[in-house]
Amino acid sequence: MATVSGLPARASGAGSPSASAAFLSVFNLKTIAIVFYFSAVMLLGRFLLGLYYEAPDEVFFGFVRSVRQNLVTGLMLLVGIAAVEAFVAVRPLGRNGGLLCGVAAAMAMTALSLPVRLAVSGGSLDHVSQEPSYFLSLFLLWASIGSIAYWLFSSWRENQRAQEELADAECCRETLQAQMVEARLSALQAQIEPHFLFNTLANVKRLYETAPHRGREMLSSLISYLRAALPSMRQSGSTLGRELELARSFLTILKMRMGDRLDFSIDVEPALNDAQVPPMVLPTLVENAIKHGLSPLPEGGRIEIAARREGDDLLIDVRDNGAGFSSSGGSGVGLANTRSRLAALYGGRAGLSLTTEEPRGVLASVRMPLAFKDAA
């Protein structure tokens, strides 16, 4: 079956029941029971009044005979309605066409039921000529009942079909929306990866120009780091412990170049290592603090990474004592895409905020719902 955007294409006429299924949806034990109770209720009031004038046993047997007569007509009408439903399932006629067929079937089956009623009761066709008004009223009554019954059933069927189509449309909409979010996340993450990688390679290049021996050591460390980092960049989820290791490796590489100009610390409870976090969010914040906070200063500075639990949320802080917002407004590609990723993944429950520190520096805080790997 052909697919569009990962969704199966609906075949023409898909979802329509077969003729036998449509017939049995009308003519079954449940509807037969409904016809029986309806036939009995139609006569109940009249025979209850008859108890004042006739013996109870005569009233009872008369009631049973009349219910039997009504049941004959009711069941024949039910067969006619079921036959129309089976025909409409094979050859759709539209709402008006189906109603016309239903009314015609009700009239035809009512007319056919009259001689059957006479045969069951032991009468003959002469009774029709003797009491034409009675049989005409009987015909009009049951033909009307059958027509109304078919109209009610067809309305219920159309309503069910509309609800099913609405549910299918909602399911398709949610699937497409999920695919759009996934595509958006992939596009945003594809922008973050080269941004993060190329800035790191630029640091290696500068170190090669000033200290080739240390540059070779740093390149070797960078290769080891990328072997661990690149697979996680392509994953839809990561853990806080894994992201902390990447950040620690990244800062260790930079410390080889910056020496005493860079100091860092990581303060996270071990119990939070399995917390679920989006990949590359923490390394992006660290890289941003280095590029815009510490690198512009001759004396460098310090980066502090901390994570803690606040209620049902996970709060990750990356604090530096660098140049602050003087060299960057905090609207770079990495931070902008990080905000977009958090919004796409968690909506309004997550966010990234930047705060000026005293006497200088920036605090980048990420808040997101706390969820653990095992629980997820």
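See the structure shown above.
Heads up: these notes are all about the structure in this document. (Residues numbered from 1 in each chain as written. Predicted model: local features only at pLDDT ≥ 70, side-chain atom pairs only at ≥ 80, totals over all residues. Heavy atoms only, no water.)

For the rest of this paragraph, the subject is the overall build of the chain. For the chain, the count of helices and strands is 10 helices and nine strands. Classification of the 376 residues of the chain by burial places 38% in the buried group. (Helix = DSSP H or I, 4+ residues; strand = E, 2+ residues; numbered from the N terminus. Buried < 20%, exposed > 50% of the residue type's maximum accessible area, 1.4 Å probe, protein only.)

So, about the nonpolar core. In summary, soluble globular proteins display a tendency toward joint burial of nonpolar side chains. By size, the foremost hydrophobic cluster in this structure holds 43 residues, and its most contacted members are Leu-240, Leu-314 and Ile-316. The element best represented in this core is helix α8 (residues 240–258), accounting for 10 residues. Residues Met-76, Ala-106, Phe-135 and Leu-138 belong to the second largest nonpolar core, which totals 12 residues. (Core = buried A, V, L, I, M, F, W, Y, C linked by side-chain atoms within 4.5 Å.)

Moving on, we come to a nonpolar patch on the surface. Together, Phe-38, Met-42 and Leu-141 make up an exposed nonpolar region whose accessible area comes to about 240 Å². Its place among the elements puts Leu-141 in helix α6 (residues 132–210). Among the residues examined, Leu-141 registers a relative accessible area of 39% and is labelled partly exposed. (Patch = residues over 30% accessible without salt bridge, like charges linked within 9 Å, V, L, I, M, F, W, Y side chains within 5 Å. Areas by Shrake-Rupley, 256 points an atom, 1.4 Å probe, with all protein chains shown as cover. Salt bridge = Lys/Arg side-chain N within 4 Å of Asp/Glu carboxyl O.)

Glancing now at the sheet that holds strand β9 (residues 362–369). Ordered by their spatial adjacency, five strands build an open sheet running β4-β6-β7-β9-β8, and the pairing between neighbours is mixed. Each end of this open sheet is capped by a strand with a single partner; those strands are β4 (262–268) and β8 (351–356). For this sheet the average axis-to-axis angle between neighbouring strands, irrespective of direction, equals 15°. Pairing of β8 with β9, which is carried by six bridges, proceeds in the antiparallel orientation. In the strand pairing of β9, Ser-353 is matched with Ser-365. (Pairing = 2+ DSSP bridges. Axes fitted to C-alpha atoms, helices over the stretch in contact; angles between N-to-C directions.)

At their nearest, the axes of helix α9 (residues 281–294) and helix α10 (residues 333–346) sit 10 Å apart, and the two run at 155° to each other. Between α9 and α10, the angle falls in the class roughly antiparallel. Of the two possible hands of crossing, α9 and α10 adopt the one that is left-handed. Across the interface between the two elements, Val-281, Thr-284, Leu-285 and Asn-288 of α9 pack against Gly-334, Leu-335, Thr-338 and Arg-341 of α10. A per-class count over the contact of α9 with α10 returns three nonpolar, four polar and one charged. (Parallel < 35°, antiparallel > 145°, perpendicular 65-115°, else oblique. Left-handed = near helix turned anticlockwise from the far one by under 90°. Contact = heavy atoms within 4.5 Å. Nonpolar A, V, L, I, M, F, W, Y, C, P; charged D, E, K, R; others polar.)

Two measures describe an aromatic ring pair: the distance that separates the ring centres and the angle between the ring planes. Scanning the model with the defined rule gives five aromatic pairs in all. Each ring, one from Phe-36 and one from Tyr-37, has its centre 5.5 Å from the other, and the planes form 70°; the classification is edge-to-face. Residue Phe-36 is classed as partly exposed on the basis of its relative accessible area of 38%. We classify Tyr-37 as exposed; its relative accessible area is 54%. On the numbers, 5.6 Å between centres and 40° between planes, the contact of Phe-153 with Trp-156 is tilted. Placement of the pair is Phe-153 and Trp-156 together in helix α6, with a separation of three residues, close to one helical turn. (Phe/Tyr/Trp six-rings, centres within 6.5 Å; stacked < 30°, edge-to-face > 60°.)

This next bit is on the pairing of strand β6 (residues 301–310). With seven bridges joining them, β4 and β6 adopt parallel strand pairing. Following the sheet pairing, Phe-264 is matched in β6 by Ile-303. Bridge count between β6 and strand β7 (residues 313–320): eight bridges; the pairing is antiparallel. Looking across to β7, one finds that Ala-307 is bridged to Ile-316. Two successive antiparallel strands, β6 and β7, enclose a turn made up of two residues, where Gly-311 displays a positive phi of approximately 65°.

Inspection of the secondary structure assignment puts Phe-264 in strand β4. Setting aside chain neighbours within four positions, we find Phe-264 in contact with Arg-248, Leu-251, Thr-252, Lys-255, Arg-302 and Ile-303.

For the coordinates displayed, the defined rule picks out 12 salt bridges. Two residues, Lys-205 and Glu-209, come together in a salt bridge whose shortest N-O distance is 2.8 Å. Of this pair, Lys-205 and Glu-209 both sit in helix α6, four residues apart, which is roughly one turn of the helix. Assigned by exposure class, Lys-205 and Glu-209 land together as exposed. For Arg-302, the salt bridge identified is with Glu-304, shortest N-O distance 3.1 Å. Bridged by salt links that share partners, the residues Arg-308, Glu-310, Asp-313, Asp-317 and Arg-367 form one connected network.

By themselves, these observations are geometric and do not establish any function.
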